[in-house]
Amino acid sequence: MRILLVEDEKKMRSLLKQGLEEQGYAVDTADNGDDGLHWALNFSYDVLVLDIMLPGKDGLTVCRELRNQRIITPVLMLTARDAVDDRVAGLDCGADDYLVKPFAFRELLARIRALSRRDSVQKSATLVVGDLRLDTVTHLAQRGDQLIALSTKEYALLELLMQHPNHVLSRTIIAEHLWSYDGFPDSNVVDVYIRYLRKKIDDDHEDKYIRTIRGTGYQLVDPHQA
Ligand code: CA
């Protein structure tokens, strides 16, 4: 998943970016509202984390302008104080949730997970396709009885594939969800991570979950249904 974090406090911004990256998220950052709006309008994100008090356009204005331009990406607002007016204003301008500073990092993670499930049929924290399961809290995968530990990138890749079962995802789409603007890889890096992931979930089995769609990309399909 790729997240845009708009936060002007430098220390907070770098701590959150580092923490989220350790969880396997790709994170782009902006330190003011105008840049944040630009990024959100021009790139595709799974979740936006938007501070309210920002130089330039404030978070409420950024959120309102995004919604006016039909950008429906889930927005999590960060409010500086537990003021009812701030929360109401945030929700009224089209934010989906808010978090009051200071907050526990694991609460931020839980809210991001909940927002990313918002439009999904899957409302639980575990993604399930056939006998393949992925726990989005512990990042452990399971195929049948076998528990599978994943690296952060392998986890992010499997999560993306399992969120869109039966959909063909191009290398570009995969790269855009897994890497930030700064870390954007060569397109063959996606193939490398697909190979790592196959080694862990498919290589020991006759039935394969991950399919290569030649010239297009990759698809995750329940082999027992196909
Ligand atoms: Ca601020």
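Residues numbered from 1 in each chain as written. Predicted model: local features only at pLDDT ≥ 70, side-chain atom pairs only at ≥ 80, totals over all residues. Heavy atoms only, no water.

**Observations concerning the domain arrangement of the protein**
For the protein, the assigned domains read domain 1 (2–116) and domain 2 (126–220). Taken residue by residue, the interface counts 12 residues in domain 1 and 13 residues in domain 2. Both faces considered, domain 1 and domain 2 share a buried interface measuring about 1,100 Å² in area, 48% of it formed by carbon and sulfur atoms. Counting across the interface, domain 1 meets domain 2 through zero salt bridges. Summed over the shared surface of domain 1 and domain 2, the result is four residue pairs in polar contact (both at pLDDT 80 or more). Here the residues of the side of domain 1 that touches domain 2 are counted per class, giving four nonpolar, two polar and six charged. (Domains from an automatic or database assignment. Contact = heavy atoms within 4.5 Å. Buried area = accessible area lost by both parts, 1.4 Å probe. Salt bridge = Lys/Arg side-chain N within 4 Å of Asp/Glu carboxyl O. Polar contact = N/O pair within 3.5 Å; in protein donor to acceptor, adjacent residues only side chain to side chain. Nonpolar A, V, L, I, M, F, W, Y, C, P; charged D, E, K, R; others polar.)

**A look at the pattern of salt bridges**
Note on pairing: side chains with opposite charge can pair once their charged atoms come close. This structure, assessed with the given rule, holds 13 salt bridges. Measuring nitrogen to oxygen at the nearest pair gives 3.9 Å for the salt bridge that ties Glu-65 to Lys-57. Overall, the relative accessible area of 26% leaves Glu-65 in the partly exposed class. Lys-57 gets classed as partly exposed once you look at its relative accessible area, which sits at 26%. Asp-97 serves as the salt-bridge partner of Arg-111, at 2.8 Å between the closest nitrogen and oxygen. Placement of the pair is Arg-111 in helix α5 (residues 105–116) and Asp-97 in strand β5 (residues 97–100), with a sequence separation of 14 residues. Judged by relative accessible area, which is 25%, Arg-111 ranks as partly exposed. (Buried < 20%, exposed > 50% of the residue type's maximum accessible area, 1.4 Å probe, protein only. Helix = DSSP H or I, 4+ residues; strand = E, 2+ residues; numbered from the N terminus.)

**Focus on the packing of aromatic side chains**
Two aromatic rings are characterised by how far apart their centres lie and by the angle between their planes. Here the structure, examined in full by the defined rule, presents five aromatic pairs. Plain terms: the ring middles of Trp-39 and Tyr-181 are 5.1 Å apart, the flat faces sit at 90° to each other, and that makes the pair edge-to-face. Of the two residues, Trp-39 sits in helix α2 (residues 33–42) while Tyr-181 sits in the loop between α7 (171–178) and α8 (188–201), which places them 142 residues apart along the sequence. Assessed through its relative accessible area of 19%, Trp-39 is described here as buried. For Tyr-181, a relative accessible area of 48% corresponds to the partly exposed category. Joined through ring pairs, the aromatic side chains of Trp-39, Phe-43 and Tyr-181 make up one cluster. (Phe/Tyr/Trp six-rings, centres within 6.5 Å; stacked < 30°, edge-to-face > 60°.)

**Observations concerning the sheet that holds strand β3 (residues 47–51)**
Strands sit in the order β2-β1-β3-β4-β5 across an open sheet of five strands; the sheet is parallel. Every other strand in the sheet has two partners, leaving β2 (26–30) and β5 as the edge strands with one partner each. Strand-to-strand twist across the sheet, computed as the mean angle between neighbouring axes with direction ignored, equals 20°. Where strand β4 (residues 75–79) meets β5, four bridges bridge the pair, whose relative direction is parallel. Residue Met-77 lies in a different strand from β5, and its bridge partner there is Tyr-98. The strands touched by α2 within the sheet are β1 (2–6), β2 and β3, with β2 carrying the most contacts at an inclination of about 140°. (Pairing = 2+ DSSP bridges. Axes fitted to C-alpha atoms, helices over the stretch in contact; angles between N-to-C directions.)

**Points about the coordination of the calcium ion**
At 2.1 to 2.3 Å from the calcium ion lie its protein donor atoms, namely Asp-8 (OD), Asp-51 (OD) and Met-53 (O). Sequence positions of the residues that donate to the calcium ion give the spacing D-x42-D-x1-M. Of this pair, Asp-8 sits in the loop between β1 and α1 (10–22) while Met-53 sits in the loop between β3 and α3 (59–68), and the two are 45 residues apart along the sequence. Note on Met-53: relative accessible area 55%, which makes it exposed. (Donors = N, O, S within 2.8 Å, 3.2 Å for Na, K, Ca; no water.)

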